[in-house]
Amino acid sequence: MKTCAFLLTGLASVATTEAFFASPVHNNASMRSTPSALQSATIPDNDTFHDDSEPDSPLEKDLPKFSQSLPFLARPKELKQEFAGDVGFDPLNFAKNRDLLLEYREAEIKHSRLAMLAALGWPMSELYDIKIATILQTDAILDATDRVPSLFNGGMEKVNPVWWGFCLGLTAAIDLYGVNRARSGVEGYTPGDLGWDPMGLYPANKKDQMDMQLAEVKHGRLAMIAITGFSVQEVVTGIGIVDETPLFFKPLEILEEVLGDVIEDVIDLV
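It should be emphasised that the depicted structure is a prediction, and the values quoted were computed from it without experimental measurement. (Residues numbered from 1 in each chain as written. Predicted model: local features only at pLDDT ≥ 70, side-chain atom pairs only at ≥ 80, totals over all residues. Heavy atoms only, no water.)

Engineer: Please set out the pattern of salt bridges residue by residue, giving values where relevant.
Structural biologist: Counting across every chain of the model gives 9 salt bridges. In this structure, Arg 98 engages Glu 82 in a salt bridge whose closest nitrogen and oxygen atoms are separated by 2.7 Å. Taken together, the residues span a long stretch of sequence, with Arg 98 in helix H4 (residues 98–136) and Glu 82 in the loop between helix H3 (37–42) and H4 at a distance of 16 residues. Taking the relative accessible area as the measure of exposure, Glu 82 reaches 17% and is therefore buried. Notably, a salt bridge pairs Glu 108 with Arg 221, separated by 2.6 Å at the nearest N-O pair. Of the two residues, Glu 108 sits in helix H4 while Arg 221 sits in helix H6 (residues 206–237), which places them 113 residues apart along the sequence. (Salt bridge = Lys/Arg side-chain N within 4 Å of Asp/Glu carboxyl O. Helix = DSSP H or I, 4+ residues; strand = E, 2+ residues; numbered from the N terminus. Buried < 20%, exposed > 50% of the residue type's maximum accessible area, 1.4 Å probe, protein only.)

Engineer: A description of a negative patch on the surface should follow, citing residues and the corresponding values.
Structural biologist: A cluster of acidic residues, Glu 253, Glu 256, Glu 257, Asp 261, Glu 264, Asp 265 and Asp 268, forms a negative patch at the surface. Checked against the element boundaries, Glu 264 lands in helix H9 (residues 251–269). (Patch = residues over 30% accessible without salt bridge, like charges linked within 9 Å, V, L, I, M, F, W, Y side chains within 5 Å. Areas by Shrake-Rupley, 256 points an atom, 1.4 Å probe, with all protein chains shown as cover. Lys, Arg positive; Asp, Glu negative; His and termini not counted. Charge placed at Lys NZ, Arg CZ, Asp CG, Glu CD.)

Engineer: Before we move on, could you go through helix H5 (residues 161–183) and cite the residues and values that matter?
Structural biologist: Between its first and last C-alpha atoms H5 spans 33 Å; for 23 residues at 1.5 Å apiece the expected length is 33 Å, and the two agree. Residues of H5 that are buried include every one of Trp 163, Cys 167, Thr 171, Ala 172, Asp 175, Gly 178, Val 179, Arg 181 and Ala 182, and no others. Taking the backbone nitrogen of Val 162 as reference, a side-chain oxygen 2.9 Å away marks Asn 160 as the first, capping residue of H5. Positive phi appears at Gly 185, one or two residues downstream of H5, with a value of about 75 degrees. (Expected span 1.5 Å × (residues − 1). Polar contact = N/O pair within 3.5 Å; in protein donor to acceptor, adjacent residues only side chain to side chain.)

In structure tokens, the structure reads:
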């Protein structure tokens, strides 16, 4: 099955499986500003060692006492504003120590990337699946109400098992690469860093790097909310999101229809 929805559903499965496949074991030495024995011997006891290879982060005394996102709660002790998008939100205290914090950060980045793929792929498959299936002379995998296959919508059996096997193998390869990279002690490694930047868009200075990381995590968090909304909306309404809210996904067609109606009304008045 080589339709658009087939392909994009597979891409989502790659990211999904990777997100749950394994939690990388981090090389803590590469993630902490811990002085060596030589550095400890040369740094006075009242000084704080700072590793310039890591992004600048506020000192403990400069950190806010309360959470920025929940100002009526104390700031979680492990959230020290060293990662982009850290607004002190951990009301259930999941990140009880630094190792857990790093694992949760890895999971967030993976799910963010998955959600951004899915938020793009979901409406694209509803828009183009039937057209591509017609060109390829194969069956479309949308249901009768133009909904994509999903856990709640059903229809997952329409996807070829061979494709799922390919996705699983690709996922395993990507995840193993990520685990090995995290363990290798790469200088400046941050959770989610796969060293993949074929277009050279990642900036060289730390401030711009943090800005780009912040943009990624913000878009990822929004995408996670959006894809959840897509899924719930299609289950509740029984209609594909494109058909339910065409203004968002087919604005030119809607504009053409509106202008056509206006022109007809003007002609009738004349």
